[in-house]
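This is what each chain is made of:
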Amino acid sequence: MLYIKCPHCGLRSQNEFAYGGDASVKRPELNKEISDQEWDEFVYLRKSPRGKHLELWHHVSGCRQWIKVLRDTSTHEIFNTYKSEEKVG
Amino acid sequence: MVQNYRLDKIGLVNREKKLSFKFNGKKYFGYEGDTLASALIANGVHLVGRSFKYHRPRGFFGAGVDEPYAIVQLYRNGETEPNVRATEQELFEGLEAKSVNCWPSVNFDIGAINNFLNIFLPAGFYYKTFMWPRSFWYRIYEPFIRKAAGFGVASKEHDKERYEHKYEYCDLLIAGSGPSGLASAYAAAKNGARVILAEDKPRFGGSLLTSDVSINNQSGKEWADNIITELKGMTNVTVKNRAQIFGYYDHNMLVMSERVTDHLPKSDEFTPKQRLWYIRAKQVVISSGSIERPIVFGNNDTPGVVLASAAKEYMKVYGVLVGKKPIVFTNNDSAYETAIEFKKNNINPIVLDSRQDSNSEIVKEAKSLGIDIKFSHVVVAAKGYKKVKSCDIAEISEDKQNLNQIKNIECDCICVSGFWTPTIHLASQSGGKTKFKEEIDAFVPDKSKQKEVTLGSANGVFTLEETLKTSFEKGFELSKEITNNNNSQQIPKVSEKKHSKHDKFWCVPLPKGKKYKRFLDFQNDVAVSDIELAIREGYRSIEHVKRYTTLGMATDQGKTSNLNGLQLVSNIENKVVPAVGHTTFRPPYTPISIGAIVGREIGKHSKPTRKSPMHNWHEKNNAVFVDAGVWLRPRYYKRGNEGLFEASKREAENVRKNVGVCDVTTLGKIDVKGPDAAEFLNRVYTNAWLKLPVGKARYGVMLREDGIVMDDGTTTRISENHYHMTTTTAQAANVLSHLEYYLQLVWPELDVNVVSTTEQWAGAAIAGPKSRDLLQKLFPDTDVSNEGLPFMGFVEANLFGVNARIFRISFSGELAYEVNVESDNGNFMWEKIIEIGKDFDLQPYGTEALSTLRIEMGHVAGSELDGRTIPYDTGLDGLVSKKKDFIGKRSLLKKAYNEKDRQRLVGVVPLDKKTSIPEGSHLVKDPKGKLPNPKLGHISASCWSVEHNNPFSLAILKDGKNMIGSKLYAMSPLKNKTIAVEIVSSHYVDPKGERVRS
Ligand SMILES: [Zn+2]
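Bear in mind the structure is a predicted one, so any value in this text is a computation, not a measurement.

Undergrad: Now, about the overall build of chain B: what can you tell me, with residues and values included?
TA: A count of helices and strands for chain B gives 23 helices and 50 strands. Here the C-alpha atoms of chain B give a radius of gyration of 38 Å, more than 25% beyond the 30 Å that 2.2 N^0.38 yields for 998 residues. Judged by the C-alpha coordinates and their principal axes, chain B covers about 115 × 70 × 55 Å. When burial is assessed residue by residue, chain B has 59% of its 998 residues classed as buried.

Here you go:
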């Protein structure tokens, strides 16, 4: 079970969190013309990298904040965690 | 019966306390502190089971967790448990156990015929033989294999025992209480660290219990006892025996299984049988010790062949002799301790040492005691079927290839030692690398990946002096990093006998013309010849050899067999062991009971049960409850002999005719607050929200980004910047996460906060033509007229001194209101409604009547919003704004979502107006059509329409818009029903929606 440092609460076990997928996905702006392909890529397509991955976790059984976690998907090493508004890299 | 093999003076068992027990129906005696194994051996019982494949007789091989043979079926306190290792099961008064894997009895086993047919059962036999014809597998082969195989029987009864889970945190977790565990625990604890020390055996001390050493002029056991006593007295230390750390998981999370009362005749009511500990440790010390490995020789599975260390443990811990004419067969010095222990107890062992000579201290001692030692000698084969009666021994050449002067000598046990294998399971599970250590012919941990260190013999260190030194130092160093304290302990003075080198010899060659079986894996019956065959057939990877031959795959996970298997593969392949590599170590280290894994999360404890504040009233008034997510809701209120159908029909009819009240507390409620709340709702819902005035409610639909409907509900503007959102009971948690996602990540610029208020409010829906009259009496000071409180209106009011919110919203299609009060006042509100409602023929109604009312009105709910439908499909397309953008809108442009014959919500009535249509039925054109019969749609919800007094269903139907009036068939293969139906409008009652506005 992973040990995730919530930037708001501190170290907490994985069972307090829900996984939220790739944190680098950006929702297209509202009211913006966008091609079918761009939209489909946003809705459906995700990379599944082996190695470093910036991802979202939701501290559902804690502070209810969505946070960003930089994690190695093969070793589970967590390099850093960030608040939702923090810019990463 | 007399315990013929019990020694008088030695051992740690309590001779004051005699215990009786039964094995295979026969009564025996042992002592408190015995294991089932030691007590049986004391009684001269060596035949305890049969092997897996050949059903060969099986005795005891080890004295603990590594035991591959002695697996029994245990009976305790009216329950039965399979796969219990007799070497680990402590004796208690009245214990009963039976042999497994043999029929009709352990002494006469029909399956043993496999032993004589074994030429037909080589490696990969199952794969080769049972594959064809394919159809035979389920009918013939599998049942046969199942009957012949398997160890013991699982109970079919509900397990009455209690199992618990516990979460714990510590600075230092120490796995194993041998010298390295005790030393590191003591050093760390004295330096202020929070320490958990876990020992899987009942007694602490590990090898110190049996080794002939002295520490600070005390015996190893005395020193261990003193350290444990001191540790137990420290508040920063938790010491646990009977506790096996069996898994090392990510981020230093380890799991430990504590056998709390397995050693007692039964557990107290509030004491668990077992407790599973999830431990998060800052640092882990792996002091799991090492396991002796055997030397492979002919018929080495015969009962009476035991590990030399086990023979010593049986004597020194239990005061029990494994035999009275022992052979000690070794390639190293450690087995001499066993020989000396025999001698001290007036038994004369013969030592066969594969080495040409040894002049170490301990060998000299053995010689001086007059022990018969034969160097360059080996056991060729054990003789005897159910117990060793003699053995063939021989002189072995220097190159270990040739046997000379084979002769038979009498013996009743063979104590074998092929040197020591470090127990590196936990270190390997942690993700750390391993390396092969040439001097000890075994793998040891290499680089750590997590915060752990392996000490003592688990790390390949076999001298006590070095073990204690490194462990004291490491315990201090690790604790210092955590506590910043600087209290180091003096390293004690050790006296031990120095050992000389072991012989790199692990398998006795076969004499010419002999085909003795030489076993590697004793539990799965994998012999040298099986591995040789697998390699001849082209298997190369050790992982493949393992799976093909089942080497190391039994419940003991190859604790005694893996390394010899590797040696064999590397010999045949002309490789060195590290080039072959070892198979992956996976948790659990030992089998863990399913009860322990599940813990308390069984039955009603598997999820929380949530009850509304009015629950007690419902209970008192004959409510029959139904699970709605985690909530318990009244399904109907039973009167007399009514069943579900009669009661719900009565309740629904009364709503249409008079007035009913329904507990709607479970609906999800979310407060949406902030200056940008309207803008946020406008982006979340498909319809327009910017112009909703204060004091008004609006129905809204929200989509996922892929255009599928996520949830629906009404949201009310309480004040300028405050909205009260409702969600369905099922989606409440998801909707909150969804809103938080968009507020925190996508549109952080919006000044809005959301918080769940589901538990803050108790809700009662009051529905029916008389609801306004009832409401007026409940709220005499409030204008609830059609003008004062119009449809979708909201007002705050006073309910006999209690603050209430009244929403004029309707799920039933009738004139209806929803009243909310703070949860603490829920029951007060409910009782007032019931009391005053009497004048209006009010009846409470449950979820079944609620469903009936909404279905015949054509209101969609979870069965239509099933995660596969877009607004059009469910007739909600009128609520989709063309002007503004919102979550999921772009997806609605998809081609598939705009096909002309797109599925849509319709009503369905059986032509006979009698037969109810099972939910989930498929709608087809031709009931006799060729399979697969094209499916046009499915029935999503069914009810008995109280308005029309006939069955009515909702369906999602292809081209539903143009199908009204068509005749189709509803088919339910599950219920074996085919029903002729007519497609009608989904609005079966009050299609213009006049009632809700009346
Ligand atoms: Zn948090």
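Undergrad: Which residues make up the interface of chain B and chain A, and what values do they have?
TA: Contacts between the two partners involve 29 residues from chain B, matched on the other side by 26 residues from chain A. Both faces combined, the contact of chain B with chain A buries some 2,400 Å², and carbon together with sulfur accounts for 51% of it. The largest per-residue losses of area from chain B upon contact with chain A belong to His251, Gln744 and Arg890 of chain B, which jointly make up 27% of the total buried on that side. Between chain B and chain A we count three salt bridges in total. Close ionic contact of Glu705 of chain B with Arg27 of chain A constitutes a salt bridge, the shortest N to O distance being 2.3 Å.

Undergrad: I'd like to hear about the sheet that holds strand S5 (residues 71-76) of chain B, residue by residue, with values.
TA: All names here are of chain B. Strand order across the open sheet formed by five strands is S2-S1-S7-S5-S6, with mixed pairing between neighbours. In this open sheet, the two edge strands, each paired with only one partner strand, are strand S2 (26-32) and strand S6 (79-85). The sheet shows a mean angle of 35° between the axes of neighbouring strands, direction not considered. Of the pairings in the sheet, the one linking S5 to S6 comprises five bridges and is antiparallel in character. By the bridge assignment, Val72 is partnered in S6 with Val84.

Undergrad: So, the coordination of the zinc ion: which residues are in play, and what are the values?
TA: All names here are of chain A. Binding of the zinc ion to the protein goes through Cys6 (SG), Cys9 (SG), His59 (ND1) and Cys63 (SG), at separations of 2.0 to 2.3 Å. If you look at the zinc ion, its four donor atoms make angles of 104 to 112° with each other, and the shape they trace is tetrahedral. Between the donor residues of the zinc ion, the gaps in sequence give the motif C-x2-C-x49-H-x3-C. Here Cys9 is found in the loop between strand S1 (3-6) and strand S2 (10-13), whereas its partner His59 is found in the loop between strand S4 (52-58) and strand S5 (66-72), with 50 residues between them in sequence.

Undergrad: Got a sec to walk through the packing of aromatic side chains? Specific residues and values, please.
TA: Residues and elements named next belong to chain B. Enumeration over the complete set of coordinates arrives at 23 aromatic pairs over all chains. Measuring from centroid to centroid gives 5.5 Å for Phe419 and Phe462, while their planes differ by 70°, and the two rings are edge-to-face. Here Phe462 lies in the loop between strand S28 (452-454) and helix H11 (464-483) and Phe419 lies in the loop between strand S24 (413-417) and strand S25 (420-422), a separation of 43 residues in the sequence. Residue classification places Phe419 among the buried positions, given a relative accessible area of 12%. Measuring from ring centre to ring centre gives 5.7 Å for Trp617 and Trp830, while their planes differ by 70°; the resulting arrangement is edge-to-face. Of this pair, Trp617 sits in helix H17 (residues 615-620) while Trp830 sits in helix H22 (residues 826-837); the two residues are 213 residues apart in sequence, bridging distant segments of the chain.

Undergrad: Tell me about the packing of helix H12 (residues 528-536) of chain B against helix H14 (residues 562-573) of chain B, and please be specific about residues and values.
TA: Residue and element names in this part refer to chain B. Running from N to C, H12 and H14 cross one another at 45°; their axes reach a closest spacing of 10 Å. One way to sum up the angle between H12 and H14 is to call them oblique. In this structure, the crossing between H12 and H14 has a hand that is right-handed. Of H14, the residues touching H12 (which contributes Val528, Ile531, Glu532 and Ile535) are Leu568, Val569, Ile572 and Glu573.

Undergrad: A description of the sheet that holds strand S39 (residues 753-756) of chain B should follow, citing residues and the corresponding values.
TA: Residue and element names in this part refer to chain B. Here five strands make up an open sheet; going across it, the order is S36-S37-S38-S35-S39 and the pairing antiparallel. Unpaired on one side and paired on the other, strand S36 (697-703) and S39 mark the two borders of the sheet. For this sheet the average axis-to-axis angle between neighbouring strands, irrespective of direction, equals 25°. Relative to strand S37 (residues 709-719), S36 runs antiparallel, the two sharing seven bridges. Its bridge partner being in S37, Arg698 is matched across the sheet by Thr715.

What counts and what doesn't
- Within each chain, residue numbers correspond to sequence positions counted from 1 in written order.
- A letter from A marks each chain and a number from 1 marks each ligand, given out in the order of writing.
- Per-residue local features of the predicted model are confined to residues with pLDDT of at least 70, and side-chain atom pairs are confined, for both listing and counting, to 80 or more; whole-chain, interface and lining totals are unaffected and use all residues.
- The side-chain quantities take in all heavy atoms of the structure and omit both hydrogens and water.
- Helix and strand labels come from DSSP, where a helix needs a run of H or I of at least four residues and a strand needs a run of E of at least two; each type is numbered from the N terminus.
- Radius of gyration: C-alpha atoms only; globule rule: 2.2 Å multiplied by the number of residues to the exponent 0.38.
- Note on exposure labels: buried denotes an accessible area under 20% of the residue type's maximum, exposed denotes more than 50%, and partly exposed covers the range between, all computed with a 1.4 Å probe on protein chains only.
- Pairs of residues are marked as contacts when any of their non-hydrogen atoms sit within 4.5 Å.
- A 1.4 Å probe defines the accessible area here, and the buried area is the portion of it lost by two parts on being joined, summed over both.
- Salt-bridge detection follows one rule: a side-chain nitrogen of Lys or Arg within 4 Å of a carboxyl oxygen of Asp or Glu.
- A strand pair is defined by DSSP finding two or more bridges across the two strands.
- In this analysis, axes come from line fits to C-alpha atoms, helices being fitted only over the stretch in contact, and the angle between any two N-to-C directions falls in the range 0 to 180 degrees.
- Here a donor is any nitrogen, oxygen or sulfur atom (N, O, S) within 2.8 Å of the metal, with 3.2 Å used for Na, K and Ca; water is not among the atoms considered, so some sites may look incomplete.
- Geometry is assigned from donor-metal-donor angles: four donors are tetrahedral when every angle falls between 85 and 135 degrees, four are square planar and six octahedral when opposite donors sit over 155 degrees apart with all other angles between 65 and 115, and any other arrangement is irregular.
- By convention, a stacked pair of Phe, Tyr or Trp rings (six-membered ring in the case of Trp) has centres within 6.5 Å and planes under 30 degrees apart, an edge-to-face pair has planes over 60 apart, and any other such pair is tilted.
- For classification, angles of less than 35 degrees are called roughly parallel, those exceeding 145 degrees roughly antiparallel, those between 65 and 115 degrees roughly perpendicular, and all remaining angles oblique.
- For any helix crossing, the convention is left-handed if the near helix is rotated counterclockwise from the far helix by under a right angle, and right-handed if that rotation is clockwise.

Bear in mind that shape data such as this cannot, by itself, settle questions of function.
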